[in-house]
Amino acid sequence: MKRVYTLEDLDCANCAAKIEKAINDIPEVIKAEVSFMTQRLVVELEEKNLQEVEKKINEVVKKVDSDVTLKLK
Amino acid sequence: MKRRQQVKKIVIAAILFVMGFIFSKDSLASEIMFLISYVLAGYDVIGKALRNMVKRQFLDENFLMVIATFGAIFLKEYSEAVGVMLFYQIGELFQSYAVNQSRKSVAALMDIRPEYANLKHGKEIRKVSPDDVKIGDVIVIESGERVPLDGVVIKGVSLVDTSAVTGESVPRELEKGDKIISGSININGLLEVKVQSKYQESTVSKILDLVENAGNKKAKTEQFITEFARLYTPIVVVLAILLAIIPPLFWEGAVFQDWLYRALTFLVISCPCALVISIPLSFFGGIGAASKQGILIKGSNYLQALSEAETIVFDKTGTLTKGNFTVVDIQSEKYSPHELLRYAAYAGFHSSHPVSKSIREAYKEKIDNGLISSFEEIPAHGVKAEVDGHEIYVGSKKLLEKNKMTSPQIKAIGSIVYVAIDGEFAGWIRIADEIKSDAKQALKDLKDLGIKELVMLTGDTKAAGKSVAKALGLDKVYTELLPHQKVSQLEHILQETKSGKVVFVGDGLNDAPVLARADIGIAMGGVGSDAAIEAADIVIMTDEPSKIVLARHISQKTMSIVKENIIFALGIKFSVLGLGAIGIATMWAAVFADVGVSVIAILNAIRTLYVRR
């Protein structure tokens with residue numbers, strides 16, 4: 001399934017690239033794409049354990065840049 | 001608010017920094033000024049660096065900046081330490097400002113989301129969300145309001161500005177019976193509209209969907225920059241460490257302080273920021289500039305591909321031609337063109353054949369039914385009628401022959417309609433599909449913009465296809481193709497084109513498979529067909545071929561700005577790294593290679609937003 005999030009206060013382009021790589025490294029994530037300009041994260045993921053995966057994504061985002069907030073679109 | 005405080009902080013830090021220079025060098029007063037300035041400019045960077053250290057994010061730019069400036073302080077190069085931190089902060093501030101501005105201006109370009117609809121229920125009018133309006137409901141649109149849903153005008157006359165949706169700058173006058181598209185703006189009158197589609201399926205929703213998803217398909221160059229950035233920082237940091245350790249250990253006479261200074265210049269240039277920001281920004285600007293002109297591009301990958309296009313394949317009907325049949329020529333020796341047309345229009349008044357219809361449309365004047373005393377339709381041949389006491393035949397050459405009349409053989413493109421008056425051939429009318437007014441210029445411009453081959457595919461006859469191709473100056477034309485043959489013909493062209501990309505342009509009505517098969521599929525004529533929008537990579541809202549020229553121009557301009565930025569940023573960074581390694585470049589040069597280059601690259605990238613012809 002596909003889920004679209006906004007990355008609020010994503011101000012650093014390098015962080016966007018790092019966030020994208022880190023989310024792609026989560027095993028349950030099939031594909032993640034971060035657009036720095038539109039502040040959007042599109043994640044393709046397995047349907048099970050959605051809440052857990054979402055928690056992991058949030059952790060990864062906070063780890064790279066603690067100013068960024070993940071919000072479901 | 002956050003940004004304003006940041007600006008205040010930086011201004012105060014900068015004043016203290018300048019004061020540090022006013023006091024005599026190495027005096028206590030000067031050092032205190034520098035110290036306060038450093039702490040003021042850098043405390044939040046230091047805070048972030050500490051947090052990242054805890055999280056083991058050692059390649060973070062904040063952390064590296066702190067190491068570089070601490071190193072400078074250790075070397076007693078106070079002014080350099082403050083300078084690096086101060087300029088780094090100014091650069092960051094500028095970046096976030098520039099990015100925010102471009103986000104806002106692109107959002108403004110696409111600000112076509114209607115907020116409400118005035119739903120009419122009997123005599124009562126209520127403001128509701130466009131989502132709550134159903135097909136068949138009647139809505140009222142006042143002057144100045146945005147049209148919330150697609151529909152048909154049932155009452156009122158008004159000028160409507162469709163520029164946000166179609167890129168067409170001339171407002172159109174709409175009246176009862178005309179279609180109205182959501183996202184356009186009602187300029188002066190009051191309109192009542194019967195809704196024809198739900199909000200999710202309305203034009204405005206489709207456009208917004210398309211634009212919002214555009215950022216997530218990245219161009220090759222963008223992907224390359226991301227990969228490059230991933231490797232660049234670790235490599236520069238490792239080189240910096242080696243530079244600080246190896247020469248002093250193995251090289252007699254090498255002073256540790258000198259080599260540490262060189263290593264610190266490396267750390268200052270260790271962020272690939274100039275590229276990671278300016279490249280996506282350029283593509284974003286290019287896509288934004290295109291959407292302002294009614295050209296919707298589904299991703300920066302297609303923008304880049306379009307700049308590399310070498311062959312453009314066009315569908316004929318509806319793409320290069322208008323797709324409607326009109327009278328293009330009237331010839332007669334005995335009668336004036338108007339007289340001949342008048343007789344033909346009267347004779348075909350009761351006929352529903354497309355040819356009769358186009359003759360009536362060309363005649364324009366009102367037809368007096370009382371003058372027609374008899375009418376007969378002769379299937380597959382034409383019509384016979386008695387008009388104002390004259391016997392008229394209108395139809396094929398065969399129709400005249402059958403009724404024992406001779407007529408010359410006319411060789412011309414399109415359908416020739418023979419007219420006989422009172423038992424004698426009187427003249428002929430030529431009916432053809434009209435070429436769009438901007439088509440010829442558009443094709444010429446595309447050649448000027450580096451397209452090598454222009455090809456046309458059509459299901460039409462050889463004669464009709466060839467004549468259009470000749471009039472427009474196309475390089476190749478393939479005629480009498482069935483829809484599936486268009487796909488195989490395109491595949492053949494794809495195989496033959498070795499280097500560049502192949503574009504297919506169609507009106508999207510029945511060429512979705514061809515649109516999907518091409519490297520870049522361009523659907524013209526807006527959001528008419530869902531299948532076409534799904535299959536196409538670029539959607540042009542109007543049906544003007546000249547928009548393809550504009551799209552190509554924007555793509556090339558964007559790519560040249562992207563290339564300028566890559567060459568410029570890498571060129572400066574690598575030269576300063578090289579000069580830094582041999583001890584020529586100072587930390588000031590390094591700050592320029594980092595912050596200065598970012599600022600210049602961003603300013604250059606923003607130019608894409610304003611590309612026009």
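Computed from a prediction, not measured in an experiment: that's the story for all the values here. (Residues numbered from 1 in each chain as written. Chains lettered and ligands numbered in written order. Predicted model: local features only at pLDDT ≥ 70, side-chain atom pairs only at ≥ 80, totals over all residues.)

A short note on the domain arrangement of chain B
Accessible area lost when the parts come together is the quantity often used to give the size of an interface.
Right, on to step 1. Partitioning chain B into structural domains gives domain 1 (1–109), domain 2 (117–199), domain 3 (299–321 + 436–549) and domain 4 (323–435).
Right, on to step 2. Computed over C-alpha atoms only, the centres of domain 1 of chain B and domain 3 of chain B are separated by 53 Å. (Domains from an automatic or database assignment.)

Overview of the packing of helix α9 (residues 273–292) of chain B against helix α20 (residues 587–606) of chain B
All names here are of chain B.
Right, on to step 1. In contact at an axis separation of 8 Å, α9 and α20 are set at 5° when each is read in the N-to-C sense. On the basis of their axis angle, the class for α9 and α20 is roughly parallel. The segment α9 lies against α20, with C273, A274, I277, S278, L281, S282 and G285 engaging V597, S598, A601, I602, N604, A605 and I606. (Axes fitted to C-alpha atoms, helices over the stretch in contact; angles between N-to-C directions. Helix = DSSP H or I, 4+ residues; strand = E, 2+ residues; numbered from the N terminus. Parallel < 35°, antiparallel > 145°, perpendicular 65-115°, else oblique. Contact = placed C-beta atoms within 7 Å.)

Some remarks on the environment of B:E61
Right, on to step 1. In this structure, B:E61 sits in helix α3 (residues 61–74).
Right, on to step 2. Under the C-beta neighbour-count criterion, B:E61 is labelled buried, with 23 such atoms within 10 Å.
Right, on to step 3. Separated by 355 residues in sequence, B:E61 and B:I416 place their C-alpha atoms 75 Å apart.
Right, on to step 4. When residues no more than four places from it in sequence are discounted, the contact partners of B:E61 are A:N14 and B:C271. (Buried ≥ 20, exposed ≤ 12 C-beta atoms within 10 Å, placed from the backbone.)

Points about helix α10 (residues 300–307) of chain B
Right, on to step 1. Among the eight residues in α10(B), seven count as buried, and that is most of the element.
Right, on to step 2. Looking at α10(B), one finds that the buried residues are B:S300, B:Y302, B:L303, B:Q304, B:A305, B:L306 and B:S307.

A look at the interface of chain B and chain A
Right, on to step 1. At the junction of the two partners, chain B supplies 19 residues and chain A supplies 14 residues.
Right, on to step 2. Within the residue set of the side of chain B that touches chain A, elements represented by two or more residues are α4 (78–109), α7 (220–250) and α9 of chain B.
Right, on to step 3. Of all the elements, α9(B) adds the most residues to the side of chain B that touches chain A, at six residues.
Right, on to step 4. Here the residues of the side of chain B that touches chain A sort into nine nonpolar, four polar and six charged. (Nonpolar A, V, L, I, M, F, W, Y, C, P; charged D, E, K, R; others polar.)

Here we look at the sheet that holds strand β5 (residues 158–161) of chain B
Strand pairs in the sheet, formed through backbone hydrogen bonds, run parallel or antiparallel to each other.
Residues and elements named next belong to chain B.
Right, on to step 1. Read from one edge of the open sheet, three strands run β6-β5-β8, paired in antiparallel fashion. This sheet does not close on itself; its edge strands, each paired only once, are β6 (172–174) and β8 (185–186).
Right, on to step 2. Bridging between β5 and β6 involves three bridges; their strand directions are antiparallel. Across the sheet, S158 pairs through a bridge with L174, a residue of β6. (Pairing = 2+ DSSP bridges.)

Some remarks on the packing of α7(B) against helix α8 (residues 256–268) of chain B
When two helices pack together, their arrangement is given by the angle between their axes and by how far apart the axes lie.
Residue and element names in this part refer to chain B.
Right, on to step 1. Across the interface, α7 lies against α8 with an axial gap of 8 Å and an inter-helix angle of 175°. Classified by the angle between their axes, α7 and α8 sit roughly antiparallel to one another. Together, V236, V237, L239, A240, L243, A244, P247 and P248 of α7 and F256, W259, L260, R262, A263, F266 and L267 of α8 make up the contact between the two elements.

Some remarks on the nonpolar core
Residue and element names in this part refer to chain B.
Right, on to step 1. Grouped together as the largest cluster of nonpolar side chains are 173 residues, with contacts concentrated most on V84, V503, I522 and I538.
Right, on to step 2. At 13 residues, helix α19 (residues 546–581) tops the list of elements feeding residues into this core.
Right, on to step 3. Once residues within four sequence positions are removed from consideration, V84 is found in contact with A68, T69, A72, V268, M587 and V591. (Core = buried A, V, L, I, M, F, W, Y, C linked by C-beta atoms within 7 Å.)

What about helix α14 (residues 439–448) of chain B?
Residues and elements named next belong to chain B.
Right, on to step 1. Burial in α14 covers these residues: A439, A442, L443 and L446. For α14, the buried positions fall inside an angular range of 95° around the axis, keeping them on one side.
Right, on to step 2. Looking one or two residues beyond α14, the residue adopting positive phi is G450, at roughly 95°. (Arc of directions from axis to C-beta.)

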